[in-house]
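# Chain and residue survey
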Amino acid sequence: SFLLASVSPQPSEKCGVLNVTKITENGKKVRKNWTSSWTVLQGSSLLFAKGQGASTSWFGSNQSKPEFTVDLRGGSVDWASKDKSSKKHVIELKTRQGTELLIQSEIDSVINDWYRALTETISTHAWE
Ligand code: I3S
């Protein structure tokens, strides 16, 4: 409802620290490189800032730019199968552009919240 929408935090606005690696870029397999990234979900975009750890200092500062951004529209999200990673709580994110990412947190409530937010975002923007 309008009222609910105006008072609830939007699922499309979320941020936090996640472990992230690309596994495929433009359809080509790339070597894993797990890094801790400050991650921001903003509308249908997911932004990563590498190497920030738990710090949020880049956020709102002029010179800091996201390391990379993925467009979630037309993408898919699922729990990664065991053969994709030995880590626990891993989400596999595929974009329409042919980039595949693994995102992970040791904290299951954290990764469950991201799973929910990402699936909601993808379904919300499905027809764009
Ligand atoms: O899928 P893989 O190749 O077993 O992934 C592991 C490797 O990328 C490894 O790096 P090097 O092969 O460059 O040394 C990483 O350190 C591991 O973390 C990767 O596996 P997990 O299961 O953690 O995603």
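As shown above, the structure is provided for reference.
Small disclaimer: the values here were computed from a predicted structure and weren't measured.

The rules behind these values
Residues numbered from 1 in each chain as written. Predicted model: local features only at pLDDT ≥ 70, side-chain atom pairs only at ≥ 80, totals over all residues. Heavy atoms only, no water. Near = heavy atom within 4 Å. Polar contact = N/O pair within 3.5 Å; in protein donor to acceptor, adjacent residues only side chain to side chain. Areas by Shrake-Rupley, 256 points an atom, 1.4 Å probe, with all protein chains shown as cover. Phe/Tyr/Trp six-rings, centres within 6.5 Å; stacked < 30°, edge-to-face > 60°. Helix = DSSP H or I, 4+ residues; strand = E, 2+ residues; numbered from the N terminus. Lys NZ or Arg CZ within 6 Å of the ring centre and 35° of its normal. Core = buried A, V, L, I, M, F, W, Y, C linked by side-chain atoms within 4.5 Å. Buried < 20%, exposed > 50% of the residue type's maximum accessible area, 1.4 Å probe, protein only. Contact = heavy atoms within 4.5 Å. Salt bridge = Lys/Arg side-chain N within 4 Å of Asp/Glu carboxyl O. Expected span 1.5 Å × (residues − 1). Arc of directions from axis to C-beta.

### Topic: the site of the ligand
In the vicinity of the ligand, the contacting residues are Arg 31, Lys 32, Trp 34, Ser 85, Ser 86 and Lys 87. Within the side chain of Trp 34, a nitrogen or oxygen atom sits 2.9 Å from an oxygen atom of the ligand. One of the side-chain N or O atoms of Ser 86 is found 2.6 Å from an oxygen atom in the ligand. For the ligand, the accessible surface in isolation is 510 Å², of which the surrounding protein chains cover 47%.

### Side note on the packing of aromatic side chains
Enumeration over the complete set of coordinates arrives at two aromatic pairs. Judged by centre distance (4.4 Å) and plane angle (10°), the ring pair of Trp 79 and Tyr 115 falls under stacked. Here Tyr 115 lies in helix 2 (residues 108-124) and Trp 79 lies in strand 6 (residues 76-79), a separation of 36 residues in the sequence. Note that Lys 22 overlies the ring of Phe 68, its terminal NZ or CZ placed 4.4 Å from the centroid.

### Considering the nonpolar core
In terms of nonpolar packing, the biggest core is built from 18 residues, with Leu 46, Phe 48, Val 70, Leu 72, Leu 93 and Leu 118 touching the most fellow members. For this core, the secondary structure elements donating two or more residues are strand 1 (13-25), strand 4 (45-50), strand 5 (68-71), strand 7 (90-94), strand 8 (100-104) and helix 2. Here this core gets five residues from one element, more than from any other, and that element is helix 2. When residues no more than four places from it in sequence are discounted, the contact partners of Val 70 are Ser 44, Ser 45, Leu 46, Phe 48, Leu 93, Thr 95 and Leu 101.

### Focus: the environment of Glu 67
Along the chain, Glu 67 falls in the loop between strand 4 and strand 5. For the pair Glu 67 and Leu 46, spaced 21 residues apart in the sequence, the C-alpha separation amounts to 11 Å.

### Here we look at the side chain of Thr 21
Note that Thr 21 resides in strand 1. Filtering out sequence-adjacent residues up to four positions away, Thr 21 remains in contact with Lys 32, Asn 33, Trp 34, Glu 100, Leu 101 and Leu 102.

### Some details on the pattern of salt bridges
Under the defined criterion, the tally for this structure stands at four salt bridges. Between Glu 25 and Lys 22 there is a salt bridge, with the nearest N and O atoms lying 2.8 Å from each other. For Glu 25, a relative accessible area of 33% puts it in the partly exposed group. The class for Lys 22 is partly exposed, based on a relative accessible area of 21%. The salt bridge involving Arg 73 is made with Asp 71; its shortest N-O contact spans 3.1 Å.

### Digging into helix 2
Here helix 2 spans 24 Å end to end across 17 residues, near enough to the 24 Å set by a 1.5 Å rise per residue. Looking at helix 2, one finds that the buried residues are Ile 111, Trp 114, Ala 117, Leu 118, Thr 121 and Ile 122. Down the axis of helix 2, the smallest arc covering the buried residues is 130°, so these residues share one side.

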